[in-house]
Amino acid sequence: MRPALLALLLIVLLVVPGSSLSAADTVASVAAPFRCRLASWETRVLLEKGFAGIRQQLRSGPVAQPDDSGLVRRYFDLAERVAEARGRLERAAAAREGTGGIEGELVALEREQEGLENAVERALAAQVDAALRREGLGRGPGGRILFPPVLLEIDPLPAVLVVSPRERIELQESHLLQAGLSLPERERLEGQNERLLLSALVTDIGGLATYPSLVPNAFGLQFALASVAHEWLHQYLAFQPLGKGYFVGGEMTTLNETVATLFGDELGARLYHELYGGPPPPVAQELGSSSGDPKQLDFTREMRQTRLRTEELLREGQIAQAEQYMEQRRQFLLSRGYYLRKLNQAYFAFHGAYAEGPAAVSPLGGQVRLLRVRSASLGDFIRTVESFGRVEEFRAYLAAP
């Protein structure tokens, strides 16, 4: 087997979340009927895309066509219209009104969207590939080999079952679930785990570093560009000390996710501005800063205060009081227009892995931003941070004169 193909197969093994749980484990057995079978999905998609095409990308990258940006715009416009039509269909069905016209409209929209999908995947890959090469992230003579090649699939994303102990905030287990789970199915899964005296949450994800990357179309074009870059970086880092430490857990997971989030958001915002006329992206010094209306609720501040108070109650052994407090805070946020279906220990355990997110209290967010500000470019930032196999190495580098 050629080295490039062998390495690509290694990516598949490295980036697909595995599990050391046995079939007898209770949480795993609860999740089993809804488990997402990623291995079969990856095999099918890789065969469809063809290893010959991947080899071509290794040599020179995907080639963008002059009208690709127009196709991409049209595709994401259709995605918005599909979502709106589905909403109208659900409301009409609930009101026992006629749905035939809406169903016909939805079928036509989805058919057009599906016809564009392969071209849009190639276009997004080409656009992100070119940006990565400009950042000097290619290897070999002249940096012409980008490894792994940018490869993505736009598909419905799996959900994830997250489990935490009730007495503390800690990601104890997570299991990928099938896409499209209904609200009753999600609540039933959560309830089964809560009866085991665990905190549980079934939530959606914004992308997945399978190979090809699994990218959503439901959150707009800028989000999709950021997601492609974010997930590619996870694949790239799987061969570097930083990425190899991902599954150590704790702060190494947080460091990986924070780096990937900052990288994806910056590159995605830049491409959205350059290719699609979006607003200018913030400069490195402004990353993570708040520029909202001071009269508006600061969601990040409110969530971090909620987490800190929750952890204080849990340290005092007041589990029921902590859960009551989180529910009160959820209701408050709901009254201010922030819909959180569930706010519990599992929510904070999952979302707290992203140090830039509102559910986090880790100092790593500010520390990663500091390294980015000190770096001459986004590529320089990655070439520096990829070498840290332990959080202590990263902090020592920052502290050095």
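Above this text is the structure in question.
Model, not experiment: these values are computed from the prediction. (Residues numbered from 1 in each chain as written. Predicted model: local features only at pLDDT ≥ 70, side-chain atom pairs only at ≥ 80, totals over all residues. Heavy atoms only, no water.)

Q: What's the story with the overall build of the protein chain in this structure? I'm lost.
A: A tally of helices and strands in the protein chain yields 16 helices and 5 strands. Sorting the 401 residues of the protein chain into buried and exposed places 49% on the buried side. When contacts within the protein chain are restricted to residue pairs at least 6 apart in sequence, long-range pairs at least 24 apart make up 73% of them. As displayed, the protein chain offers around 19,400 Å² of accessible surface, 53% of which is attributable to carbon and sulfur atoms. (Helix = DSSP H or I, 4+ residues; strand = E, 2+ residues; numbered from the N terminus. Buried < 20%, exposed > 50% of the residue type's maximum accessible area, 1.4 Å probe, protein only. Contact = heavy atoms within 4.5 Å. Areas by Shrake-Rupley, 256 points an atom, 1.4 Å probe, with all protein chains shown as cover.)

Q: Is there a simple way to explain helix α15 (residues 378-385) in this structure?
A: Because each turn of an α-helix spans 3.6 residues, side chains separated by three or four positions in sequence point in the same direction. By the criterion of burial, α15 is predominantly enclosed, with 6 of the 8 residues buried. Along α15, the residues that are buried comprise Leu-378, Gly-379, Phe-381, Ile-382, Thr-384 and Val-385. The secondary structure elements touched by the buried residues of α15 are α8 (221-237), α9 (241-244), α10 (251-276), α14 (364-374) and α16 (391-399).

Q: Mind showing me how you'd approach the side chain of Thr-203 here?
A: Mapped onto the fold, Thr-203 is located in strand β4 (residues 198-204). Once residues lying within four places of it in the same chain are set aside, the contact partners of Thr-203 are Ala-159, Val-160, Arg-186, Phe-350 and His-351.

Q: Just to check I follow, could you spell out the packing of helix α6 (residues 100-134) against α10 for this structure?
A: A pair of packed helices can be characterised by two numbers: the angle between their axes and the separation between those axes. Contact pair α6 / α10: the axes reach a minimum separation of 11 Å and the direction vectors enclose 115 degrees. Classified by the angle their axes make, α6 and α10 are roughly perpendicular. Judged by the twist between their axes, the crossing of α6 over α10 is right-handed. Here Gln-127, Val-128, Ala-131, Leu-132 and Arg-134 of α6 come into contact with α10, specifically with Phe-263, Leu-267, Leu-271, Glu-274, Leu-275 and Tyr-276. (Axes fitted to C-alpha atoms, helices over the stretch in contact; angles between N-to-C directions. Parallel < 35°, antiparallel > 145°, perpendicular 65-115°, else oblique. Left-handed = near helix turned anticlockwise from the far one by under 90°.)

Q: Just checking my understanding: could you explain the environment of Arg-81 for this structure?
A: Relative to the helices and strands, Arg-81 resides in helix α5 (residues 68-94). Looking at Arg-81, the relative accessible area reads 37%, which means it is partly exposed. As for Arg-81 and Leu-106, which are separated by 25 residues in sequence, their C-alpha atoms are 8.5 Å apart. Sequence-distant contacts of Arg-81, defined by excluding residues within four places in its chain, comprise Arg-74 and Leu-109.

Q: Would you take a moment to explain the environment of Thr-210 for this structure?
A: Within the secondary structure, Thr-210 is located in the loop between β4 and β5 (213-215). Sequence separation between Thr-210 and His-234 is 24 residues; the distance between their C-alpha atoms is 9.4 Å.

Q: Can you help me understand the pattern of salt bridges in this one?
A: Oppositely charged side chains may form a pair once their charged atoms are brought near each other. Under the counting rule described, the total for this entry stands at 26 salt bridges. Two residues, Arg-86 and Glu-110, come together in a salt bridge whose shortest N-O distance is 2.6 Å. Taken together, the residues Arg-86 in helix α5 and Glu-110 in helix α6 connect sequence positions 24 residues apart. With a relative accessible area of 42%, Arg-86 lands in the partly exposed category. Using a relative accessible area of 26% as the deciding quantity, one classes Glu-110 as partly exposed. Where Arg-270 meets Glu-135, a salt bridge forms, and the shortest distance between an N and an O atom there is 2.5 Å. You can see Arg-270 sitting in helix α10 and its partner Glu-135 sitting in the loop between α6 and β1 (152-154), a full 135 residues away along the chain. (Salt bridge = Lys/Arg side-chain N within 4 Å of Asp/Glu carboxyl O.)

Q: I'm lost on the side chain of Asn-344 in this one. Help?
A: Mapping Asn-344 onto the fold places it in the loop between α12 (319-335) and α13 (345-351). Engagement of the side chain of Asn-344 in a polar contact is seen with the backbone oxygen of Ala-200, the distance being 3.0 Å. Of the polar contacts made by the side chain of Asn-344, one reaches the backbone nitrogen of Ala-346; its length is 3.2 Å. (Polar contact = N/O pair within 3.5 Å; in protein donor to acceptor, adjacent residues only side chain to side chain.)

Q: Mind showing me how you'd approach α12 here?
A: The end-to-end C-alpha separation of α12 is 25 Å, in line with the 24 Å expected for 17 residues at 1.5 Å each. Along α12, the residues that are buried comprise Ala-322, Tyr-325, Met-326, Arg-329, Arg-330 and Leu-333. Mapping the buried residues of α12 onto a view down its axis gives an arc of 140 degrees, with all of them on the same face. Seen from the buried face of α12, the exposed residues on the opposite side, beyond 90 degrees, are Ala-320, Gln-324 and Ser-335. Packing partners of the buried residues in α12 comprise α11 (299-315) and α13. Where α12 terminates, the next one or two residues include Gly-337, which has phi positive at roughly 95 degrees. (Expected span 1.5 Å × (residues − 1). Arc of directions from axis to C-beta.)

Q: For this particular structure, what's the right way to read the packing of α5 against α6?
A: Where α5 contacts α6, the axes come no closer than 8 Å and their chain directions differ by 145 degrees. In terms of crossing hand, the pair formed by α5 and α6 is left-handed. Its residues assigned to classes, the contact of α5 with α6 comprises 18 nonpolar, 3 polar and 10 charged. (Nonpolar A, V, L, I, M, F, W, Y, C, P; charged D, E, K, R; others polar.)

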